[in-house]
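Listed here are the chains, written in short residue letters.
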Amino acid sequence: MAGTEAAHLTGALDRLRTTFRWKADGLDATGLQARVGASALTLGGLLKHLAINEDYMSTTKLTGQPLGAPWDALGWDGSDDEWEFTTAADDTPEQLYALWDDAVERSRGRLSAALADGGPGQLVHASGPDGVHASLRRLVCDLIEEYGRHTGHADLLREAVDGRAGEDPPAGWQPQAGHYRVQSS
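Residues numbered from 1 in each chain as written. Predicted model: local features only at pLDDT ≥ 70, side-chain atom pairs only at ≥ 80, totals over all residues. Heavy atoms only, no water.

Asks: Tell me about the pairing of strand S1 (residues 123-127), residues and numbers included.
Replies: Judged from the 2 bridges that link them, S1 and strand S2 (residues 133-135) form a sheet pairing that is antiparallel. Its bridge partner being in S2, Ser127 is matched across the sheet by His133. In this antiparallel pair of consecutive strands, S1 and S2, the connection spans 5 residues, and Gly131 shows a positive phi of 85°. (Pairing = 2+ DSSP bridges. Helix = DSSP H or I, 4+ residues; strand = E, 2+ residues; numbered from the N terminus.)

Asks: Give a description of the packing of helix H6 (residues 93-118) against helix H7 (residues 136-162) that names residues and reports values.
Replies: Axis separation between H6 and H7 bottoms out at 11 Å; the angle between their running directions is 155°. Put simply, H6 runs roughly antiparallel to H7. Between H6 and H7 the crossing geometry is left-handed. Side by side, H6 and H7 meet where Trp100, Val104, Leu111, Ala114 and Leu115 of the first sit next to Leu136, Val140 and Tyr147 of the second. A class-by-class count of the residues in the contact of H6 with H7 yields 8 nonpolar, no polar and no charged. (Axes fitted to C-alpha atoms, helices over the stretch in contact; angles between N-to-C directions. Parallel < 35°, antiparallel > 145°, perpendicular 65-115°, else oblique. Left-handed = near helix turned anticlockwise from the far one by under 90°. Contact = heavy atoms within 4.5 Å. Nonpolar A, V, L, I, M, F, W, Y, C, P; charged D, E, K, R; others polar.)

Asks: If you had to explain the packing of aromatic side chains to someone new, which residues and values would you point to?
Replies: Overall, the coordinates contain 5 aromatic pairs when judged by the stated rule. Considering the side-chain rings of Trp71 and Trp83, the 6.4 Å spacing of their centres and the 80° angle between planes classify their relative orientation as edge-to-face. Of this pair, Trp71 sits in helix H4 (residues 71-74) while Trp83 sits in helix H5 (residues 83-87), and the two are 12 residues apart along the sequence. Ring pairing ties together the aromatic residues Phe20, Trp100, Tyr147 and Tyr180, which thus form one cluster. The side chain of Lys48 reaches across the aromatic face of Trp83, ending 4.4 Å from its centre. (Phe/Tyr/Trp six-rings, centres within 6.5 Å; stacked < 30°, edge-to-face > 60°. Lys NZ or Arg CZ within 6 Å of the ring centre and 35° of its normal.)

Asks: Before we move on, can you summarise empty space enclosed by the protein with the specific residues and values?
Replies: A water-sized probe rolled over the atoms picks out the places where empty space is left. Counted by the stated rule, this structure contains 1 cavity of 30 Å³ or more. Taken as a whole, the largest cavity spans an internal volume of roughly 40 Å³. Lining the largest cavity we find Asp101, Val104, Glu105, Arg108, His179, Tyr180 and Arg181. The residue makeup of the lining of the largest cavity, split by class, is 2 nonpolar, 1 polar and 4 charged. (1 Å grid on protein atoms, 1.4 Å probe; cavity = no way out; pocket = protein on both sides within 12 Å on 5 of 7 lines; lining within 4 Å. Points joined across faces, edges and corners; volume = space filled by probe spheres on them.)

Quick look at the structure:
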């Protein structure tokens, strides 16, 4: 409740990560491919999209390095803005959960190291058209915003699949599938 700026930023991000993962957890291929109304969004597509965002923020935007594995082997080259959404139906639930879980683990490690090395105010590789570099704080806030938007989508999608609703997972929740680690607050 009265932590450092870095603790508040990573705490908000991890709360959204955990809520999103809870909304997507334990589904088979049919559940991960379910849609609501005319929307093309699926929980599987969101798992893959947020996995790419985790790695992109914590590599390319943070340091300027290319994404690399596993994305290069999966055929992602950044030229198709809808790739992760359209290809998620080709992945098994186990692959999608592992892809997201692994990306979050890598991102947590990179973010933790960067925060320890220079704090949230340090400048990162990403810059605007004017050449002004973003701060690490801005990258984390962008990722929080991305999770906020897509956790809302996940609320609607999951409720349509099996009625799961709620703002936070129940106390002590751990995923049924994959290896995501819930961070203690």
